[in-house]
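# An overview of the molecular structure
Here is how the chains run, residue by residue.
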Amino acid sequence: MIDENRVGAGALSAAGVPAEQVLAEIRELRAADRPTHGGRLFAYVYDPAVPGLDELAAAAHRESAHVNGLDPTAFPSLLAMENALVGAAGRVLGGGPGTTAPDVVGSVTSGGTESLILAVKTARDAHPEITAPRIVVPASAHAAFAKAAHYLRVALDVVPVSPDTLRPDPAAMAAAIRPETVLVACSAPSYAHGVVDPVAEIAAVAAAAGVRCHVDACFGGWTLPYLRRLGTPVPEFDFAVPGVTSISVDLHKYAYAPKGVSVLLHRDAALRAPQYFAYADWPGYTMINPVIASTRSGGPIAAAYATLRHLGDAGYLALAERTRDAVAGLADAVRGVDGLRLMAEPESTVVCFTATECGPDLFVLVDELTARGWHTQPQLSYAGLPASVHLTVTASVAPRVGEFGPDLADAVSAARAAGPVQLPAELAALAGALTPDALTPELVAGLAAGLGMGGEPDGAPLPERMAVVNTLLDAAPPALRERLLVEFVGLLQRPTWGSDD
Ligand SMILES: Cc1ncc(COP(=O)(O)O)c(C=O)c1O
């Protein structure tokens, strides 16, 4: 019989749970996560390992968590902090008083993806006369451009990158520009390999065609300028480059702010104007939004503000130095192991390596590294580029570098001993032959079970070793990879109904 008074389900307890117990539950859940601190996780988190910084950011977040960015006149504190963040980002990226880009303006967004969607939207809406707009991006551009194109119904023209330099040819970028092109984009640096595109050349061809040029510096925009100051040769990529019309930089990456903050900059206010959305044609408040979200918490903005104020220019320079040295140490470790080779000489904060012809199975190697407490990111083979292992290197890695080399060598030996993943014949045949449309729910469930994914309601959602899953995905063409991942993640995203208070 249904108890009419019992409304608890999932996170909603029936009678309320004491604060300490709730926090204990969260800590217990968190125990299954990858370690966000300690310098052994090479993706997803950016840890400067600065004592007291987490506490400061959390306190600042708390101060402003309930402030709403929806209305800057009601909450001028948030407007002031946003403007200060934009000023800082503009300055770091070659704009502001006394530069060749004195009129830089910008907005704070929730992350790199939102910044890129807005950059594309702004470029699109600057040309209402173009009915079928297009953007040109290198194949190495972040997937968020594809998401932007998809959301905004803008066609994506992808220019291949050279397998040697991992960069696009500016002439090929120029050739891809059509009368309907509203934006040309490039990366500084690319996420996958950490290489800086030829921004000056690409911006020049865009300008010659009268098209906007966006530099996606979401990943490295906060470190490249500091690396340059430390003597690393960094090509021009910011507003000092004529023709660059907008730049994105994520503060929740190398500015080491807690998640939820990126900045989208435009060279001037006229270029930014189409970014805004205003709506007065309803009976409620007139809506005027510079970014995609309407209600926005002040928490991430205040936390980012506190982080920048506390670390300061000198702090970022010191962190960049530590990161640079960690990158050099990790790259040396890779060079020192037979069977591996760097995809590119590191020029920013990424170390990316692949296996040589007689090297180990990379996906098995990734599992062996995980077993040794190193969390790396496997990247699938794509358009002539081999599968690779990506390391996003942050300052917290520096004290760990000496431990990485021996563990890497050991993991390679173990991966060699284990041999490459042998996909069960029927799985391999499926990956090669299936078309995304042919995937039925039954087929997906069978595949997931065969791969040890999805788990039973209380089981682990993913198998401990991912090499088989990665091998299957690697064998599939991108459209099938996408479809399989959507289905697999759909299996993970199931409501929990139980309540045990
Ligand atoms: C170059 C680049 N652009 C955009 C993004 C998307 O950022 P976010 O995950 O904050 O949406 C990333 C994320 O890694 C990135 O590296």
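This part takes up the sheet that holds strand β12 (residues 377-379). As summarised here, the arrangement of the four strands in space is β10-β11-β13-β12, forming an open sheet in which the pairing is antiparallel. Edge strands, defined here as strands with exactly one partner in the open sheet, are β10 (340-342) and β12. Ignoring which end each strand starts from, the neighbouring axes of this sheet average 30 degrees apart. Pairing geometry for β10 and strand β11 (residues 350-355), over three bridges, is antiparallel. Across the sheet, residue Leu 340 finds its bridge partner in β11, namely Ala 355. Helix α11 (residues 362-371) contacts β10, β11, β12 and β13 (388-392) of the sheet and is inclined by roughly 130 degrees relative to β11.

Contacts to the ligand come from Gly 111, Gly 112, Thr 113, Leu 116, His 142, Tyr 191, Asp 216, Cys 218, Phe 219, Asp 250, His 252 and Lys 253. Separating an oxygen atom of the ligand from a side-chain N or O atom of Lys 253 is a distance of 2.9 Å. For the ligand, whose free accessible area comes to 390 Å², the fraction covered by protein is 84%. In terms of residue count, helix α4 (residues 112-125) provides more of the shell around the ligand than any other element does, three residues in total.

Turning our attention to the sheet that holds strand β1 (residues 105-109). Across the sheet, seven strands lie side by side as β1-β7-β6-β5-β4-β2-β3; this open sheet has mixed pairing. Both edges of this open sheet fall to β1 and β3 (155-159), since each of them pairs with a single strand only. Neighbour-to-neighbour, the strand axes of this sheet turn through a mean angle of 20 degrees, independent of strand direction. Bridge analysis of strand β2 (residues 134-138) against strand β4 (residues 181-187) gives three bridges, and the strand direction is parallel. Looking across to β4, one finds that Arg 134 is bridged to Thr 181. Contacts between helix α5 (residues 143-152) and the sheet are confined to β2, β3, β4 and β5 (212-216), with β3 contributing the most and set at about 155 degrees to the helix. Its contacts with the sheet place helix α7 (residues 199-208) against β4 and β5, and it is angled at close to 175 degrees to β4.

Among the nonpolar cores identified, the biggest contains 69 residues, and Val 215, Trp 222, Phe 237, Leu 251 and Tyr 316 are the most heavily contacted of them. Among all residues touching Trp 222, those that are not within four sequence positions of it are Ala 88, Ala 89, Val 92, Val 249, Leu 251, Tyr 254, Ala 255, Leu 308 and Tyr 316. In terms of nonpolar packing, the next biggest core, distinct from the first, is built from 32 residues, Phe 42, Ala 331, Val 334 and Val 401 among them.

Once that is clear, we can look at the pattern of salt bridges. In this structure the tally under the stated criterion is 20 salt bridges. A salt bridge links Arg 372 to Asp 410; the shortest N-O distance between them is 3.0 Å. Taken together, the residues Arg 372 in the loop between α11 and β12 and Asp 410 in helix α12 (residues 401-418) connect sequence positions 38 residues apart. Owing to a relative accessible area of 23%, Arg 372 belongs among the partly exposed residues under this scheme. Arg 481 is the partner of Asp 474 in a salt bridge, and the nearest nitrogen-oxygen pair spans 3.9 Å. Here the salt bridges share partners, and the residues they tie into one network are Glu 368, Arg 372, Asp 410 and Arg 465.

What counts, and where the lines are drawn
Residues numbered from 1 in each chain as written. Predicted model: local features only at pLDDT ≥ 70, side-chain atom pairs only at ≥ 80, totals over all residues. Heavy atoms only, no water. Pairing = 2+ DSSP bridges. Helix = DSSP H or I, 4+ residues; strand = E, 2+ residues; numbered from the N terminus. Axes fitted to C-alpha atoms, helices over the stretch in contact; angles between N-to-C directions. Contact = heavy atoms within 4.5 Å. Near = heavy atom within 4 Å. Polar contact = N/O pair within 3.5 Å; in protein donor to acceptor, adjacent residues only side chain to side chain. Areas by Shrake-Rupley, 256 points an atom, 1.4 Å probe, with all protein chains shown as cover. Core = buried A, V, L, I, M, F, W, Y, C linked by side-chain atoms within 4.5 Å. Buried < 20%, exposed > 50% of the residue type's maximum accessible area, 1.4 Å probe, protein only. Salt bridge = Lys/Arg side-chain N within 4 Å of Asp/Glu carboxyl O.

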